[in-house]
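# Residue-level structure breakdown
Here is how the chains run, residue by residue.
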Amino acid sequence: MQTDIPLKITDLIALSTQLLKDKGVEDARLNVELMLSDVMKCDRMKLYLDFEKPLTTEELKHYKSFLKRRLNHEPVQYILGKTYFYGFEFIVNKNVLIPRPETELLVEKIIEDIKISGKNINRIFEIGAGSGCISISIAKDLKNKKINYEIFSIDNSDPALDVAKENLKINISGEKNLRFYKKSVFEIDKLNRSFDYIISNPPYISYIDYNKLTPDIKNFEPESSLTDNGNGLKFYEKIFQIGIDENFKGKIYCEIGADQEKPIREILLRNSLKDFTFYKDYAGINRIIEVRK
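Residues numbered from 1 in each chain as written. Predicted model: local features only at pLDDT ≥ 70, side-chain atom pairs only at ≥ 80, totals over all residues. Heavy atoms only, no water.

### Some words on the pairing of strand E9 (residues 286–292)
A regular strand carries its side chains on alternate faces of the sheet. The criterion, for reference: Here's how the labels work: a residue is buried when its accessible area is under 20% of the maximum for its type, exposed when over 50%, partly exposed in between, all with a 1.4 Å probe on protein chains only. Only DSSP runs of H or I reaching four residues or more are called helices, and only runs of E reaching two or more are called strands; each is numbered from the N terminus. Strands are labelled as partners when DSSP assigns at least two bridges between them.
Burial within E9 is extensive, with six of its seven residues counted as buried. As judged from the five bridges shared by strand E7 (residues 251–255) and E9, these two strands associate in the antiparallel manner. When the bridges of E9 are listed, Cys254 appears paired with Ile289. Relative to E9, strand E8 (residues 276–280) runs antiparallel, the two sharing five bridges.

The following block contains the structure:
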């Protein structure tokens, strides 16, 4: 994008959108609007109210750096350093998976069940904290509803835990009932305390499918958050093994891959877990599994 002529916002949107489309970037116009809004420190509506306004030299330089990164297929969420999940803002970087809209359904199902249970306190064990978006969203919602909770969330990545802890500070300052710990689920044979829920959005992409992912995902998002480097089922095997312990009396909620209903059903039945329900996402794909003891 070489030009000495001041570019108006409307011209910049049109030009940038076409450049991204030519690179095969989905939602090109939305990406452009998000990057411009961040550079100009305004919302997307304001862009169009000021559509004749040219960018300053510094703003254009800043924007060009963003656009260059997006043309290289870096996700816009990493470029901006933030995203929104369940209505809340979260910091994201290359050390954590970018939260997907489908995962909001997992949060919705867990909160819905907690409300129905009517328990005085709800103890939740999360496997795979990542950015912290799942546990933090649950905690914020329950806090707003004045429902008591304790959440313990584990992850095997120090950089991911740093992001999760920062997101906790931003979203729930001084929170004491949600704690993040470094630990691998594969180091756990059984839970050493009582929980009402085990929840997880584990790495469920098989290694074969991982190698078919788009550059936006494969080249930037953390491999360990996407694939188990096997058949995509290793984490479910472990989670359900922990869940069948006689001391765990609660429910298990997990997000699953688009084609995993059959193999997960087989794992559940093999572990004598016969009371379960699959829930579909907004595309009609089985995306959430609820397992009842």
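### Some points on the environment of Phe235
Position of Phe235 relative to the elements: it lies in helix H12 (residues 234–243). Judged by relative accessible area, which is 16%, Phe235 ranks as buried.

### Quick notes on helix H4 (residues 57–71)
Rules: One less than the residue count of a helix, multiplied by 1.5 Å, gives the span that helix is expected to have. Each direction from the helix axis to a C-beta atom contributes to the arc, which is the arc of those directions. Here, two residues are considered to be in contact whenever any of their heavy atoms come within 4.5 Å of each other.
Over its 15 residues, H4 runs 21 Å from end to end, which matches the ideal 21 Å to within 8%, given 1.5 Å per residue. Those residues of H4 not exposed but buried are Glu59, Leu60, Tyr63, Phe66, Leu67 and Arg70. Projected down its long axis, H4 carries its buried residues within an arc of 125°, all on one side. When the buried face of H4 is taken as reference, the exposed residues oriented beyond 90 degrees from it are Thr57, Glu58, Lys61 and Lys68. The inward-facing, buried residues of H4 contact helix H1 (9–22), helix H2 (28–40), helix H5 (76–80) and helix H10 (215–218). Immediately beyond the C-terminal end of H4, within one or two residues, lies His73, with a positive phi of roughly 75°.

### Side note on the packing of H2 against H4
Each pair of packed helices can be described by the angle between their axes along with the distance between the axes. Which entries qualify depends on this criterion: A fitted line through C-alpha atoms serves as each axis, taken over the contacting stretch for helices, and the angle formed by two N-to-C directions is quoted from 0 to 180°. A crossing counts as left-handed when the near helix is turned anticlockwise from the far one by less than a right angle, and as right-handed when that turn is clockwise.
Put simply, H2 and H4 touch, their axes get as near as 10 Å, and they point 145° apart. In this structure, the crossing between H2 and H4 has a hand that is right-handed. In this structure, H2 uses Asn31, Val32, Met35, Leu36, Asp38, Val39 and Met40 to contact H4, whose residues at the interface are Glu59, His62, Tyr63, Phe66, Leu67 and Arg70.

### A few points about the pattern of salt bridges
This is how it is decided: By salt bridge we mean one thing: a side-chain nitrogen of Lys or Arg within 4 Å of a carboxyl oxygen of Asp or Glu.
The final tally for this structure, using the stated rule, is 23 salt bridges. A salt bridge links Arg265 to Glu261, with the shortest nitrogen-to-oxygen separation between them at 2.7 Å. Placement of the pair is Arg265 and Glu261 together in helix H13 (residues 261–270), with a separation of four residues, close to one helical turn. Overall, the relative accessible area of 28% leaves Glu261 in the partly exposed class. If you follow the salt bridges from partner to partner, you end up with Asp113, Lys251, Asp275, Glu290 and Arg292 in one network.

### Looking at H12
Buried residues dominate H12, accounting for seven of its 10 residues. Where H12 is concerned, the buried positions are Phe235, Tyr236, Lys238, Ile239, Phe240, Ile242 and Gly243. Residues of H12 that are buried sit in contact with strand E3 (121–127), strand E6 (197–200), E7, H13 and E9.

### A word on the state of the cysteines
For the record, the criterion: To count as a disulfide, a pair of cysteine sulfur atoms needs to be within 2.5 Å.
Scanning all chains against the criterion turns up zero disulfides. Here Cys254 is not disulfide-linked; the sulfur of Cys133 is the nearest cysteine sulfur, at 15 Å. By relative accessible area, which is 0% here, Cys254 ends up buried.

### Here we look at the pairing of E7
With respect to burial, E7 is a largely interior element, four of its five residues being buried. As paired elements, E6 and E7 share four bridges and run parallel to each other. Of the residues in E7, the one forming a bridge with Ile199 is Tyr253.

The analysis is restricted to geometry; functional conclusions fall outside its scope.
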